[in-house]
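# Fold and geometry: a report
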Amino acid sequence: MSDALDDTRGQDFHALLRSLPVWDTELPHFDPATAPADPLPLFRQWLTEAAAAGSPEPHTMTLATADATGRPSVRTLMLHDADERGWHFATHRTSRKGRELAVRPEASLGFYWPAAGRQVRVQGTVTAMGAEESRADLAARSTGALAAALVGRQSEALPSYEELERASDAAWERARREPDAPVPSWTLYVLDAQEVEFFQGDARRRHVRLNYRRSPSAEGGWTTGLLWP
């Protein structure tokens, strides 16, 4: 009986997946011939357009890292900035991603804005910024972000949810009382992109994929090319 129920649930789930709409709206046109020589302006434009179109949290991204053995891990977090130095994000250096970046300072980022059928993939080397810049990053965020940082112990085993509640309440009180409270483990990271791909979906599956690669020359410019979808 249990096996039959599992089969039915599996069939229902499969049917649900097949029924879900994909890009049931008019998608924007992207002409790669009009793309700038550098990927940063195009990335900023696409994120700005996603925000204007009402995409929820368009600055969220997936971050993929790997440990010393090459075993990957992925999670979702916020982009803090994107400038000439690279793509900025922050975390505790004692967290899983912080530990992995310490031994293997390379990562990939993924952005997805379904309302526009757009994705951006960024790959490169990651550098941990110094204490002063990391403190400034945290100071610019909300009280809630400071409270979460003060709780700390990210990725460690949690004995009970009640323990988290107690630690969170205490952290919120301190964050309100000390808006500049230090969090020594909080670290700002900057990913220096070596490759950036822009993906524009097409309803007929003739997707446009524009790939930027950092030139190995001393000038460090970019070369571009199209990829098959």
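Quick summary incoming for the structure in this document. (Residues numbered from 1 in each chain as written. Predicted model: local features only at pLDDT ≥ 70, side-chain atom pairs only at ≥ 80, totals over all residues. Heavy atoms only, no water.)

Further remarks concern unusual backbone geometry. Of note in this structure, Ser-155 is not a glycine but carries a positive phi near 80°. Relative to the elements of secondary structure, Ser-155 occurs in the loop between helix H5 (143-151) and helix H6 (161-177). (Helix = DSSP H or I, 4+ residues; strand = E, 2+ residues; numbered from the N terminus.)

Moving on, we come to the pairing of strand S1 (residues 60-66). One ladder, built from 7 bridges, connects S1 with strand S2 (residues 72-78); its direction is antiparallel. Within S2, the position partnered with Thr-60 by the bridge is Met-78. Once S1 ends, the chain turns through 5 residues before running back antiparallel as S2, passing Gly-70 with a positive phi of about 95°. The pairing of S1 with strand S5 (residues 106-113) spans 3 bridges and is antiparallel. Within S5, the residue paired with Thr-62 across the bridge is Gly-110. (Pairing = 2+ DSSP bridges.)

For the rest of this paragraph, the subject is a negative patch on the surface. A grouping of Glu-162, Glu-165, Asp-169 and Glu-173 is seen on the molecular surface, where their side chains present a negatively charged patch. Looking at where Asp-169 falls in the secondary structure, it is placed in helix H6. (Patch = residues over 30% accessible without salt bridge, like charges linked within 9 Å, V, L, I, M, F, W, Y side chains within 5 Å. Areas by Shrake-Rupley, 256 points an atom, 1.4 Å probe, with all protein chains shown as cover. Salt bridge = Lys/Arg side-chain N within 4 Å of Asp/Glu carboxyl O. Lys, Arg positive; Asp, Glu negative; His and termini not counted. Charge placed at Lys NZ, Arg CZ, Asp CG, Glu CD.)

The computed volume of the largest pocket comes to approximately 530 Å³. Along the walls of the largest pocket sit 26 residues, with Ala-148, Val-151, Gly-152, Arg-153 and Gln-154 positioned nearest its centre. Of the residues in the lining of the largest pocket, the class split is 13 nonpolar, 7 polar and 6 charged. (1 Å grid on protein atoms, 1.4 Å probe; cavity = no way out; pocket = protein on both sides within 12 Å on 5 of 7 lines; lining within 4 Å. Points joined across faces, edges and corners; volume = space filled by probe spheres on them. Nonpolar A, V, L, I, M, F, W, Y, C, P; charged D, E, K, R; others polar.)

Right, let's get into a nonpolar patch on the surface. On the surface, a nonpolar cluster with roughly 390 Å² of combined accessible area is contributed by Phe-13, Leu-16, Leu-17 and Leu-20. Considering the arrangement of structural elements, one finds Leu-20 in the loop between helix H1 (2-19) and helix H2 (39-52).

On to the pattern of salt bridges. Per the stated rule, a full pass over the model turns up 14 salt bridges. Ionic pairing is found between Arg-121 and Glu-195, a salt bridge with its closest N-O pair at 3.1 Å. In this pair, Arg-121 is assigned in strand S6 (residues 118-128) and Glu-195 in strand S7 (residues 186-200), connecting sequence segments 74 residues apart. Looking at Glu-195, the relative accessible area reads 11%, which means it is buried. Across the salt bridge formed by Glu-197 and Arg-209, the nearest N and O atoms sit 2.6 Å from each other. Linking Glu-197 in strand S7 with Arg-209 in strand S8 (residues 208-214), this pair joins segments that are 12 residues apart in sequence. (Buried < 20%, exposed > 50% of the residue type's maximum accessible area, 1.4 Å probe, protein only.)

Turning our eyes to something else, we now look at the packing of H5 against H6. The contact between H5 and H6 brings their axes to 8 Å, and the two run at 130°. Classified by the angle between their axes, H5 and H6 sit oblique to one another. The two elements H5 and H6 meet at a crossing, and its hand is right-handed. Contact residues: Thr-143, Gly-144, Leu-146, Ala-147, Leu-150 and Val-151 in H5; Leu-164, Ala-167, Ser-168, Ala-171, Trp-172, Arg-174, Ala-175 and Arg-176 in H6. Its residues assigned to classes, the contact of H5 with H6 comprises 9 nonpolar, 3 polar and 2 charged. (Axes fitted to C-alpha atoms, helices over the stretch in contact; angles between N-to-C directions. Parallel < 35°, antiparallel > 145°, perpendicular 65-115°, else oblique. Left-handed = near helix turned anticlockwise from the far one by under 90°. Contact = heavy atoms within 4.5 Å.)

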